[in-house]
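# Understanding the architecture of this molecule
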Amino acid sequence: MDVENNNNTIVPAIKQTQFAEKRKVISEENEDNQIKRLKHNAIEFTTTETTVDATQHVPGEDSPKQVVQRPPAQSPKKRLQLDNKKVGAHNNSNNNHKPKQNKNETFMYGNYKQYYGKRILDKDFHDIRLDVFATQPQLFRDKQLLDIGCNSGHLSIQIVKQFEAKSLVGLDIDRSLTHDAQMAIVNIKRASNLSAAAAAGNFPYNVKFVHGNYVLEDDVLLEIERPQYDVILCLSVTKWIHLNFCDAGLKQAFRRMFLQLRPGGKLVLEPQSFDTYKRRKKLTDKIRENYNSIQFKPEDFTAYLLGAEVGFASMELMGQPEHCNAGFKRPIQIFSKN
């Protein structure tokens, strides 16, 4: 059936069908475009709301009310990653303005890198104290030793090598020094071309160096100490324990030495005189404070070590190195445990 349009023109039925299909397609396209526009407007609105604070006027109030928008929620893992990035950026910023390390604080424990350079009298390593030890080689032969404050390990290695000690553990508070000492042992092992099995516990496989502080955090830890060494060496270390840990720290160290020695064990002690303390009291403010509080002087050490609080049975003077430097002419004592 043909119909008339608004211009009174006759429209055939077939044309009506075609026009209807076109209107349907156009309607669907318009609907799709409308949906896209709505989505676009929604995204813009959300972005604006999360990045800009909206200002609303509340009736009856003169000043506008600020509406603070919360950031979108994040997972704990994401927050942790962001926090780590912030910390890393902060650390990098601080590293650019890192304060220069105080040289005095670096060597506050007497952990001088070139210490043995002052002890050695010739180009080949020879610590003059080895001559004193050579008067009693049986003190070290086939014995298990602990060297407190071993520094870079030169003297420790020579004692084991020269006097055929069964084993030695070197301990120092400076990690870099014990690393250097252990690397020296590694190099000796490589040069020897001997495996651990072939050496069977002999030098250099019977020497090791460890990092640690001999002074315990609390005296109660002394209760778990057990005898494990035949000889303990404490050579030119008492001053540094004293200046850093006061009278109480040094007395605790003496008691720990006694407890770690087996029956019949020996403490080989080389204390510094008190007049040498004064030259080092300015290293740090804490050391100055500790120095001023010292009541337990080196001349009191022997009586304390032989007294009831520690318990050594006897003391003998082993000798005194004839060093060209008067500061290194220190008596070496042997304290014996029953």
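Provided above is the structure to which this section pertains.
Values in this document were obtained by computation on a predicted structure and should not be read as measured data.

## A closer look at the overall build of the chain
- Across its full length, the chain holds 11 helices and 11 strands.
- Intrachain contacts of the chain at a sequence separation of at least 6 include 69% that bridge at least 24 residues.
- Counting only carbon and sulfur atoms, one obtains 51% of the accessible surface of the chain, whose full area is about 21,200 Å².

## A look at the nonpolar core
- Among the nonpolar cores identified, the biggest contains 34 residues, and I232, F254, M257 and L267 are the most heavily contacted of them.
- When residues of this core are traced back to their parent elements, those giving at least two are β5 (144–148), β6 (167–172), β8 (229–235), α9 (238–260), β9 (261–270), α10 (285–293) and α11 (301–306).
- Those residues in contact with I232 that sit more than four places away from it in its chain are L146, I148, Y214, M257, Q260, L261, K266, L267 and V268.

## Description of unusual backbone geometry
- Cis geometry marks the peptide bond from F203 to P204, where omega comes out at 5 degrees.
- At S236, a position not held by glycine, the phi torsion is positive, near 55 degrees.
- Note on placement: S236 falls in the loop between β8 and α9.
- A relative accessible area of 8% places S236 in the buried class.

## Comments concerning the pattern of salt bridges
- Taken as a whole, this structure holds 8 salt bridges when the rule is applied.
- As a salt-bridge pair, K286 and E289 come within 4.0 Å of each other at their nearest N and O atoms. Of the two residues, K286 and E289 are both situated in helix α10; the distance of 3 residues between them amounts to about one turn of the helix.
- For K286, a relative accessible area of 48% translates into the label partly exposed.
- One network of salt bridges, with partners in common, ties together D127, R129 and E270.

## Brief notes about the environment of A184
- By the secondary structure assignment, A184 is in helix α7 (residues 175–192).
- The exposure class of A184 is partly exposed, given its relative accessible area of 26%.

Rules of the game
Residues numbered from 1 in each chain as written. Predicted model: local features only at pLDDT ≥ 70, side-chain atom pairs only at ≥ 80, totals over all residues. Heavy atoms only, no water. Helix = DSSP H or I, 4+ residues; strand = E, 2+ residues; numbered from the N terminus. Contact = heavy atoms within 4.5 Å. Areas by Shrake-Rupley, 256 points an atom, 1.4 Å probe, with all protein chains shown as cover. Core = buried A, V, L, I, M, F, W, Y, C linked by side-chain atoms within 4.5 Å. Buried < 20%, exposed > 50% of the residue type's maximum accessible area, 1.4 Å probe, protein only. Salt bridge = Lys/Arg side-chain N within 4 Å of Asp/Glu carboxyl O.

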